[in-house]
Amino acid sequence: LPIGIEDEFKGVVDLLTRKAWYWPDEKDPENYSIEEPPAEMADQIEEWREKLVETAVEQDDDLMEKYLEGEEPSVDDLKKCIRKGTLELAFFPTYCGSSFKNKGLQLILDAVVDYLPDPTQVDPQPEVDLEGNETGKVATVDINGPLRALAFKIMDDRFGALTFVRIYSGEVRKGDTILNTFTGKTERVGRMVEMHANDRNELDYAHAGDIIAIVGMKDTQTGHTLCDPKNPATLEPMVFPDPVISIAIAPKDKGAAEKLGIALGKMIKEDPSFRVETDQDSGETIMKGMGELHLDIKVDILKRTHNVDVIVGEPQVAYRETITQRVEDSYTHKKQSGGSGQFGRIDYIIEPGEPGSGFAFESTVTGGTVPREFWPAVEGGFKKMMDKGVLAGFPLLDVKVNLFDGAFHAVDSSAIAFELAAMGGFRQSIPKAGPQLLEPIMKVDVFTPEDNVGDVIGDLNRRRGMIKSQDAGATGVRIKAEVPLSEMFGYIGSLRTMTSGRGQFSM
């Protein structure tokens, strides 16, 4: 329980021991005193301690019986019960304090030791094969098992790249050769360090349960498994969602262009949910991320850490295109320019596919009018064109092509001729097939005080949103809606204005 609130906050009462902890000096968190709690809090302390004890002893029938008969459990017995309940997620021990004012930290650190599971007490990590299917084996935390470790973070600093690794089983020594099952390459462990904020301790040895950083690994990325080359296995990889928002960036001057390339390369390694690509049409450098804040921070890192000033353009939404009608069409590609020419005719049907099916191709040609060896070329020609729709140049989704007839020439026909025929056919037929633009629709979850519900719903409707549900909670209303991404830029600003800063949302 807190002793005093807000600017009167002096310390905390530990309900287990009924002792008060005080921190007189914010600058010195290690200077604290343990005293008797204030007399006026006595009733409050007993009331909450009783609730705590009742919840804890539910984990142990014998203790429960003794407690009901009026016997007070010891602090050690209570700790055992709290640990058991925490491991089984039956309840969550809660502490109060202020990290900013350096008050209450010791109690939380003690609780981590007392109640949270050590690596042998959580369900072991499943192993998967290279296709990502579970093999039925698990990486049991065991020093004597084969090495299994997961690279979970890459950090670039002045001494080179640091790869943070959690060791699930086995042990690793300086100078060992370990296998990265994702790349199939082995790497030698040069230096291993244990990190303490900015300080590092050199290590010669680490084993199951340790979290260490390895310096100077070349090909290892976030989510890769490192293991014993004689006994390979893959741990369940991390799943990174696809980026939903992008901005165009350009260096402010010519001299910064090279620095920008190097800086972006380092940043991509550090954060797998951050992508950078070059737009083939405009030549722009496009940064893609999980949201506006994500990209704002990346621009800030470029400036502060890498000293690269960039100009930032309006985010572009990743639209897609599709077709809505069935078209039966024919296209002939012929070209004669001295020597053997090019000839290929295809008759085909283009129709909308099932949503989510992507590109599907089938050939129902009979009688050899288009020889079988040219079918892959026709498929390849159509597939190549799927990257650029006819409306606005966005990738095309869910199209089914059926090649049912055609014609070839014994001398002039070739794979390239049929591929060009397919590409020409695409350009000719897709505009007739009712092309439409698809836009990403986001699930938006808005939390707002009750007084502002009308304003928030009205604003979501103005943004072409569909309201799915609204549930009243203890402290406000939760509105779920589906809104086009293009309408959500800058939404947090409007929401905070409408709700006097109390609204929040996730998307």
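Structural data are supplied above this passage.
Residues numbered from 1 in each chain as written. Predicted model: local features only at pLDDT ≥ 70, side-chain atom pairs only at ≥ 80, totals over all residues. Heavy atoms only, no water.

J.: For this particular structure, what's the right way to read the overall build of the chain?
T.: Scanning the chain from terminus to terminus reveals 10 helices and 31 strands. The C-alpha atoms of the chain give 32 Å as radius of gyration, which overshoots the globular expectation for 507 residues (23 Å, by more than 25%). Seen along its three principal axes, the alpha-carbon backbone of the chain occupies a region of about 105 × 65 × 60 Å. Expressed as a percentage of its 507 residues, the buried residues of the chain come to 38%. Summed over its atoms, the accessible surface of the chain is roughly 28,800 Å², and 50% of this surface lies on carbon and sulfur atoms. In the chain, 57 positive and 86 negative side-chain charges are present, and the distance between their average locations comes to 8 Å. (Helix = DSSP H or I, 4+ residues; strand = E, 2+ residues; numbered from the N terminus. Rg over C-alpha atoms; globule rule 2.2 N^0.38 Å. Buried < 20%, exposed > 50% of the residue type's maximum accessible area, 1.4 Å probe, protein only. Areas by Shrake-Rupley, 256 points an atom, 1.4 Å probe, with all protein chains shown as cover. Lys, Arg positive; Asp, Glu negative; His and termini not counted. Charge placed at Lys NZ, Arg CZ, Asp CG, Glu CD.)

J.: It is not clear to me how a negative patch on the surface should be interpreted in this structure. Could you clarify?
T.: A contiguous patch of negative charge, built from Asp 61, Asp 62, Glu 65, Glu 69 and Glu 71, is present on the exposed surface. Within the secondary structure, Glu 71 is located in the loop between helix H2 (61-68) and helix H3 (75-87). For Glu 71, a relative accessible area of 47% corresponds to the partly exposed category. (Patch = residues over 30% accessible without salt bridge, like charges linked within 9 Å, V, L, I, M, F, W, Y side chains within 5 Å. Salt bridge = Lys/Arg side-chain N within 4 Å of Asp/Glu carboxyl O.)

J.: In this structure, what is going on with the nonpolar core? I would like to understand it.
T.: Across soluble globular proteins, you tend to see nonpolar side chains buried next to one another. In this structure, Ile 249, Met 287, Leu 302, Val 446, Val 456, Leu 460 and Ile 479 are the most contacted members of the largest nonpolar core, which totals 34 residues. Those elements that place two or more of their residues in this core are strand E18 (245-251), helix H5 (256-270), helix H6 (292-304), strand E28 (441-448), helix H9 (453-462), strand E30 (477-484) and helix H10 (491-498). By residue number, the principal contributor to this core is H5, which donates five residues. When sequence neighbours within four positions are dropped, the list of residues in contact with Leu 302 reads Ile 249, Leu 260, Ala 263, Leu 264, Met 267, Met 287, Asn 307, Val 308 and Val 310. Residues Ile 346, Met 385, Val 399 and Met 423 belong to the second largest nonpolar core, which totals 27 residues. (Core = buried A, V, L, I, M, F, W, Y, C linked by side-chain atoms within 4.5 Å. Contact = heavy atoms within 4.5 Å.)

J.: Looking at this model, I keep getting lost on the sheet that holds strand E12 (residues 191-196). Mind explaining?
T.: Pairing between the strands of a sheet is mediated by backbone hydrogen bonds and can be parallel or antiparallel. Within the open sheet, the eight strands sit side by side as E11-E10-E16-E7-E8-E15-E12-E13. Their pairing is antiparallel. With one partner strand each, in any of the chains shown, strand E11 (185-188) and strand E13 (199-203) form the two edges of the open sheet. The sheet shows a mean angle of 40 degrees between the axes of neighbouring strands, taken without regard to direction. With five bridges connecting them, strand E8 (residues 160-169) and strand E15 (residues 211-215) associate as antiparallel partners. Residue Val 165 lies in a different strand from E15, and its bridge partner there is Ile 212. (Pairing = 2+ DSSP bridges. Axes fitted to C-alpha atoms, helices over the stretch in contact; angles between N-to-C directions.)

J.: What is the right way to read a nonpolar patch on the surface from this model?
T.: Nonpolar side chains collect at one region of the surface, where Tyr 95, Ile 108, Val 112, Val 113 and Leu 116 lie side by side and expose about 430 Å² of accessible area between them. You can see Val 113 is positioned in helix H4 (residues 105-115).

J.: It is not clear to me how the environment of Ser 357 should be interpreted in this structure. Could you clarify?
T.: With respect to the helices and strands, the residue Ser 357 is situated in the loop between strand E24 (342-352) and strand E25 (359-363). Along the sequence, Ser 357 and Val 399 sit 42 residues apart, while their C-alpha atoms lie 7.9 Å from each other.

J.: Could you clarify how one ought to interpret the sheet that holds strand E5 (residues 125-128) in this entry?
T.: Strand order in the open sheet formed by three strands is E6-E5-E17, and the pairing between neighbours is antiparallel. Edge positions in the sheet fall to strand E6 (134-139) and strand E17 (234-235), since each has one partner strand and no second. Of the strand pairs in this sheet, E5 and E17 are connected by two bridges, and their pairing is antiparallel. In the sheet register, Glu 127 faces E17, and the bridge partner there is Leu 235.

J.: Help me understand the pairing of E25 in this model?
T.: When a strand is regular, its side chains alternate between the sheet's two faces. Of the strand pairs in this sheet, E25 and strand E26 (residues 399-407) are connected by five bridges, and their pairing is parallel. Across the sheet, Phe 361 pairs through a bridge with Val 401, a residue of E26. As a crossover connection, the stretch from E25 through helix H7 (residues 375-385) into E26 is left-handed. (Right-handed = clockwise from strand over helix to strand, strands pointing away.)

J.: Would you explain the packing of H7 against helix H8 (residues 415-429) in this entry?
T.: Between two packed helices, both the angle of their axes relative to each other and the distance between the axes serve to describe the pair. Direction vectors running N to C along H7 and H8 enclose 40 degrees, while the axes themselves pass 7 Å from each other. Here H7 lies oblique to H8, going by the angle between them. For the element pair H7 and H8, the recorded crossing hand is right-handed. Judged by residue contacts, Ala 377, Val 378, Gly 381, Phe 382, Lys 384 and Met 385 of H7 engage Ala 415, Phe 418, Glu 419, Ala 422, Met 423, Gly 425, Phe 426 and Arg 427 from H8. (Parallel < 35°, antiparallel > 145°, perpendicular 65-115°, else oblique. Left-handed = near helix turned anticlockwise from the far one by under 90°.)

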